[in-house]
Amino acid sequence: MCDPDKIKPEPIPGLPDKLPEGERVLWSGGPDWKSLALHVFHVRAVAVYFAILIVWQASTGLSAGVTGSEAAVTAVLQALLGVAAIGLLSVFAWLIARSTIYTVTNERVVIRAGVALPKAVNIPFKVIGSASLKARSGGNGDIPLALTGPDRVAYLSLWPHVRPWHINNAEPMLRGLPDAAAAAQVLAGALAEKAGQPAARIAVAANDTARRRTLPDHAAAAVHT
């Protein structure tokens, strides 16, 4: 079951309670705010939008007889709006990154997140049907977790730590990891160990259109047997 809990004083950063006997932390980390700004809030697309808007308004204004100085003032105002929008989105990305800790133990994945109202979501290995790695150039990437069974997480309550557009069957996601391959390898090993199977190596794709490589299917599936 994926249990969201309000954060109490943390005995271990990112974990709401002390670990039970026999459980240990294997990996802990958080998202990179620049990756969140680019791939969650799409600041690059916002910049392109405002650039196109400025050029379009300037060209239509000049065609309609607006003076060059008036067109320049309008362009500057639009540019300032664009900078403000990008700045706000970037600050929000920074706040999300600062307040998020992903933890992998030998029993579960924990997502501690929330800027205003922090909460922890525990995802036991027994409900993880499969996990995959989406790597980008530079080494950062995402690890979505496909869940099985009746218990689900609510897409909006966990956003942006969910796989985009999978609303009805939300998949928690470790997002914007600076070294996604290392985290994926740890998770693969933990799933395999829990299932009593050998861990597979995780290949890192070379560019942003990277193929998604599944963490060992046999290990993840075997958790449920």
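Since the structure is predicted, the reported quantities are computational estimates derived from the model, not experimental observations. (Residues numbered from 1 in each chain as written. Predicted model: local features only at pLDDT ≥ 70, side-chain atom pairs only at ≥ 80, totals over all residues. Heavy atoms only, no water.)

Student: Mind showing me how you'd approach the pairing of strand β7 (residues 141-147) here?
Tutor: Along any regular strand the residues' side chains alternate between the sheet's two faces. Counting buried positions along β7 gives seven out of seven residues, so the element sits mostly inside the fold. Both faces of β7 are covered, namely the face carrying G141, I143, L145 and L147 and the face carrying D142, P144 and A146. The pairing of strand β6 (residues 128-135) with β7 spans five bridges and is classified as antiparallel. Residue pairing across strands places A131 opposite L145, the latter belonging to β7. Remark: five residues form the turn of the hairpin made by β6 and β7, two consecutive strands paired antiparallel; G138 in that turn has positive phi of roughly 95°. Where β7 meets strand β8 (residues 173-177), three bridges bridge the pair, whose relative direction is antiparallel. Across the sheet, the residue bridging to I143 is L174, located in β8. (Buried < 20%, exposed > 50% of the residue type's maximum accessible area, 1.4 Å probe, protein only. Helix = DSSP H or I, 4+ residues; strand = E, 2+ residues; numbered from the N terminus. Pairing = 2+ DSSP bridges.)

Student: Just to check I follow, could you spell out helix α3 (residues 68-98) for this structure?
Tutor: Think of an α-helix as 3.6 residues a turn; residues three or four steps apart then line up on the same face. The terminal C-alpha atoms of α3 lie 44 Å apart, and with 31 residues this matches the ideal 45 Å at 1.5 Å per residue to within 8%. Looking at the buried side of α3, the elements it contacts are α1 (33-39) and α2 (43-63). (Expected span 1.5 Å × (residues − 1). Contact = heavy atoms within 4.5 Å.)

Student: Is there a simple way to explain the environment of L80 in this structure?
Tutor: On the secondary structure map, L80 appears in helix α3. Sequence separation between L80 and F50 is 30 residues; the distance between their C-alpha atoms is 9.7 Å.

Student: Could you clarify how one ought to interpret the confidence of the model for the chain in this entry?
Tutor: Confidence in the prediction for the chain averages 83 pLDDT; 83% of positions are at 70 or higher. Mean pLDDT in the chain bottoms out at helix α6 (residues 217-222), which sits at 39, and peaks at β8, which reaches 96. Low confidence marks residues 201-225, where pLDDT is under 50. Its contacts with residues over four positions away, or in another chain, come to 63 contacts. (pLDDT = per-residue confidence, 0-100.)

Student: Any chance you could explain the pattern of salt bridges here in plain terms?
Tutor: Note on pairing: side chains with opposite charge can pair once their charged atoms come close. With the rule as written, the count across this model stands at five salt bridges. Measuring nitrogen to oxygen at the nearest pair gives 2.6 Å for the salt bridge that ties E23 to R108. Taken as a pair, E23 in the loop between β1 (3-6) and β2 (25-29) and R108 in strand β4 (residues 108-113) lie far apart in primary sequence, 85 residues in all. Here E23 matches R108 in class, with each residue buried. A salt bridge links D142 to R136, with the shortest nitrogen-to-oxygen separation between them at 2.6 Å. Taken individually, D142 and R136 each receive the classification buried, so the pair is uniform in this respect. (Salt bridge = Lys/Arg side-chain N within 4 Å of Asp/Glu carboxyl O.)

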